[in-house]
Amino acid sequence: MGSTSDAKHALFGEIGRYTGLLRVVAERLMAKYSDEAFRPFFRTLPERSICIAPMVLCDALSADLGARVPDHVLQALGAMCFHISTHDDVVDERPRERRKLAALTYTGNLAFHEGIRLLRIAREQAVREAILERIAENHVLQQRCVAELWEAAPRSFTDYRHGIDHDRAFTWIGIAAALAWTERSDLQVRLDEFCLGYGVAFQLLDDIAEVREDTALGYHSFPLLEGPPYAESLRQIDVHLRQAEEALDPAWSNLRKLIEYPRRFAQRLHHAIR
């Protein structure tokens, strides 16, 4: 997912509310855990797409289902996902200095625990359990990604799709939180198609944008192996966004809008590559 503020706005729309909520969490964590090595990493929490995306998805689906998610529940969701991002950094771009590596790991874990603490009352326990289940699934599938896309190279798009199945699980985190909050578990089967399509499309966009970095790091993405102009990668983005869209109720305008952002981003990317 896009690393800059402009890219996140292009992919998610207006994110000021979510970054503001996460800034409060980051400030609380910096005050509570005062080791100077932690501070630079806690400061990044409000800007990390891996924290923002589940909040955006949860808020959108809940609104479509006629409910409003309280701020502290969204804060908990973003905080609990922070360690996914820091653990990714340990695997992908780990610092050479032991102290920085340790702080990167521990700040993610501390934010995770802070998120759990925010979910206190009975109704929120179901949300907490839904988030924990999907985060655990994401971790298991991230290990598969290391084996299949870091230590090996995919021979086809099917191989690559199998290696990035953690993106389906990651998309599910915010969706599962919304279904738990609205008590709409009956929609799980339907929304699995959305999570698959949306997750794969986002990973392809990210991998096209980071081909140069992935070459240096040793990650074998499909766009990297395909090479410019990334025709099949861009076609698969369109295919998977349509799959995500077709899974949605026509009345779910907020979630549908979240499909339009990456669709327009992909179109601009396509024109830029040509």
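See the structure shown above.
Residues numbered from 1 in each chain as written. Predicted model: local features only at pLDDT ≥ 70, side-chain atom pairs only at ≥ 80, totals over all residues. Heavy atoms only, no water.

Colleague: How would you summarise the nonpolar core if you had to cite specific residues and measurements?
Modeller: One broad rule of soluble globular proteins: the nonpolar side chains tend to lie buried together. Membership of the largest hydrophobic core comes to 93 residues, with the highest contact counts inside it found for F12, I131, I175, L191, F194, I237 and L255. Dropping the residues within four chain positions of it, I131 is found in contact with L77, M80, L119, I173 and A177. (Core = buried A, V, L, I, M, F, W, Y, C linked by side-chain atoms within 4.5 Å. Buried < 20%, exposed > 50% of the residue type's maximum accessible area, 1.4 Å probe, protein only. Contact = heavy atoms within 4.5 Å.)

Colleague: Which residues make up helix α10 (residues 188–209), and what values go with them?
Modeller: With 22 residues, α10 extends 31 Å between its outermost C-alpha atoms, agreeing within 8% with the 32 Å of an ideal straight helix rising 1.5 Å per residue. In terms of residue burial, α10 counts as a mostly covered element, since 16 of its 22 residues are buried. (Helix = DSSP H or I, 4+ residues; strand = E, 2+ residues; numbered from the N terminus. Expected span 1.5 Å × (residues − 1).)

Colleague: Please provide a residue-by-residue account of the side chain of H166, values included.
Modeller: Note on placement: H166 falls in helix α9 (residues 166–182). Setting aside residues up to four positions removed in sequence, H166 forms contacts with N138, L141, Q142, C145 and Q203.

Colleague: Go over the packing of helix α2 (residues 16–32) against helix α6 (residues 98–118), please, and point to the residues and values.
Modeller: Across the interface, α2 lies against α6 with an axial gap of 11 Å and an inter-helix angle of 115°. As judged from the angle between their axes, α2 and α6 are roughly perpendicular. Crossing geometry of α2 relative to α6 is assigned as right-handed. Of α6, the residues touching α2 (which contributes R28, L29 and K32) are L110, A111, E114, R117 and L118. A class-by-class count of the residues in the contact of α2 with α6 yields 4 nonpolar, no polar and 4 charged. (Axes fitted to C-alpha atoms, helices over the stretch in contact; angles between N-to-C directions. Parallel < 35°, antiparallel > 145°, perpendicular 65-115°, else oblique. Left-handed = near helix turned anticlockwise from the far one by under 90°. Nonpolar A, V, L, I, M, F, W, Y, C, P; charged D, E, K, R; others polar.)

Colleague: Let's hear about the pattern of salt bridges: which residues, and what values?
Modeller: Under the definition given, this model contains 25 salt bridges. A salt bridge links R168 to D165; the nearest nitrogen and oxygen atoms lie 2.9 Å apart. Look at R168 and you get buried, because its relative accessible area is 14%. Accessibility expressed as a relative area gives 10% for D165, which makes it buried. For the salt bridge of D238 with R242, the shortest nitrogen-to-oxygen distance reads 3.1 Å. In this pair, D238 and R242 are both assigned in helix α13 (residues 231–246), 4 residues apart and thus about one turn of the helix distant. (Salt bridge = Lys/Arg side-chain N within 4 Å of Asp/Glu carboxyl O.)

Colleague: I'd like a rundown of α6, residues and numbers included.
Modeller: Compared with an ideal rise of 1.5 Å per residue, which puts 21 residues at 30 Å, α6 spans 31 Å between its outermost C-alpha atoms and is within 8% of the ideal. A103, L104, T107, G108, L110, A111, F112, E114, G115 and L118 are the residues of α6 that are buried.

Colleague: Describe the packing of helix α5 (residues 71–93) against α9, with residues and values.
Modeller: At a closest axis distance of 12 Å, the pairing of α5 and α9 adopts a crossing angle of 155°. The orientation of α5 with respect to α9, classified from their angle, is roughly antiparallel. In this structure, α5 crosses over α9, and the sense of that crossing is right-handed. Side by side, α5 and α9 meet where V73, L77, C81 and I84 of the first sit next to F170, I173, G174, A177 and W181 of the second. The residue makeup of the contact of α5 with α9, split by class, is 8 nonpolar, 1 polar and no charged.

Colleague: How would you explain the state of the cysteines if you had to name every residue and give the values?
Modeller: The tally for this structure, following the rule as stated, stands at 0 disulfides. Here C58 is not disulfide-linked; the sulfur of C81 is the nearest cysteine sulfur, at 10 Å. When its relative accessible area of 2% is taken as the criterion, C58 is described as buried. Cysteine C195 shares no disulfide, and the gap to the nearest cysteine sulfur, in C58, comes to 12 Å. Under the relative-accessibility criterion, C195 is labelled buried at 0%. (Disulfide = S-S within 2.5 Å.)

Scope: geometric values only; no functional claims are made or implied.
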